[in-house]
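Structural features, examined
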Amino acid sequence: MKIGKEVLYLTRSEVQKTGLTMKEYIDLMEEAHRDKGNKAILMPPKLTLQPNENLFMLGMGCVVERTGAAGIKWLSGCATNRDKGLPRFTGFVILNDLETGAPVCIMDATYLTAMRTAAVSGLALRYLANKDSRVVGVYGCGMEGRTNLEAAICECPEICQVYAWAPRRASVERYIEEMREKFPHVRIEASEDPKQVMREADIFLGSSPVTHGDEFKLVRADWLKPGLTAVPVNTESHFYDEAVEQFHKIYIDDTAMYELCREKGHYKTLKETPPELSELLTGGTAGREGKEQKIITFTEGVGLNDVACGEKIFRLALEMGIGTMLPLE
């Protein structure tokens, strides 16, 4: 392509058409977060705008020195979009040439966001879950409930049972139907009892919207099974404080985002800043040290994830001739 003269545009379906598998997304996240642990990225905290209680907009930028990937994701989340027949999350990843600064690619971020979010969950499970984990509990049956389950099954091949719960029965039924078709070797059931879901779980996946935190704040201290590995992608909004205090080890994906969330009232029971997954990857902190340990990883999502995945998708699209070249002049 002609840098500075044109930009590649990729629709949501074209992003999917590049064909990255969940394992490849997880591998990308492992490489990227190892770069983070080695201080080989440039990444400011998220820019957050919230015009009203239903809508937020995020700017998430990053430069990855090893690959030369550079760019930003501009994402919005609107709680009322479902009523309009629209996705809850919409946005773009914009990539730049690191030599000239010129934009080289604009791609839809909806599918990429769901996949890279799940891939970080998969990365946490790769290093922290018991290898014989067999039962998954799911709260929240939207897009990220789907991709997070895919990541869990990818990393924990002994999984044979899934219990799924959400406050809206129709969403659970759609989820069950789709996931049974995708994973016919796994027994996937709806549950009307969130306590049962958690008590049975070797792995817990939580993906309800943070704005619905009160509706999903359910988990008590005595619900947690020994050896549980929990990966919620929505802060601690599922857990009462007493439950958070039961975890033997806690990890996060980014210290700056963790501190920003604390300023907004999250993680009130945590006395010390937990280690990052990037520190786990680079030997700066230990992982699971006992089969019975309860471990939780809080992932807020950072621009590194989007830019690292976006760069790979961009390169594949160029090789495969996917997308539309738009003139800049």
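Below or above, wherever it landed, is the structure these notes cover. All of these numbers come straight from a predicted model, not from anything done at the bench. (Residues numbered from 1 in each chain as written. Predicted model: local features only at pLDDT ≥ 70, side-chain atom pairs only at ≥ 80, totals over all residues. Heavy atoms only, no water.)

All right, on to the packing of helix α3 (residues 110–128) against helix α4 (residues 143–155) then. Closest axis-to-axis distance for the α3/α4 pair is 8 Å, and the angle between their directions is 35 degrees. Judged by the sense of rotation from one axis to the other, the crossing of α3 with α4 is right-handed. Every residue of α4 that contacts α3 at T113, A114, M115, T117, A118, S121, G122, L125 and R126 is listed here: M143, E144, T147, N148, A151, A152 and E155. Among the residues forming the contact of α3 with α4, the class breakdown is 7 nonpolar, 6 polar and 3 charged. (Axes fitted to C-alpha atoms, helices over the stretch in contact; angles between N-to-C directions. Helix = DSSP H or I, 4+ residues; strand = E, 2+ residues; numbered from the N terminus. Left-handed = near helix turned anticlockwise from the far one by under 90°. Contact = heavy atoms within 4.5 Å. Nonpolar A, V, L, I, M, F, W, Y, C, P; charged D, E, K, R; others polar.)

Further remarks concern the nonpolar core. L10, Y25, M29, M107, L149 and I159 are the most contacted members of the largest nonpolar core, which has 69 residues in total. With 10 residues, the top contributor of residues to this core is α3. Counting 27 residues, the second-largest nonpolar core is a separate cluster that includes Y139, M198, A201 and L228. (Core = buried A, V, L, I, M, F, W, Y, C linked by side-chain atoms within 4.5 Å. Buried < 20%, exposed > 50% of the residue type's maximum accessible area, 1.4 Å probe, protein only.)

Quick look at the pattern of salt bridges now. Counted under the stated rule, the structure contains 24 salt bridges. In this structure, the salt-bridge partner of E173 is R169, at a minimum N-O distance of 3.3 Å. Of this pair, E173 and R169 both sit in helix α5 (residues 169–182), 4 residues apart, roughly one helical turn. Look at E173 and you get partly exposed, because its relative accessible area is 44%. (Salt bridge = Lys/Arg side-chain N within 4 Å of Asp/Glu carboxyl O.)

Following the sequence through the fold, S76 ends up in strand β5 (residues 69–78). Excluding residues within four positions of it along the chain, S76 makes contact with L55, F56, M57, R88, F89 and T90.

If you check the backbone angles, K39 has positive phi at about 60 degrees while not being a glycine. As for its position among the elements, K39 is in the loop between α2 (22–37) and β2 (41–42). Phi is positive for Y267, which is not a glycine, with a value near 55 degrees. One can find Y267 in the loop between α9 (255–263) and α10 (277–281).

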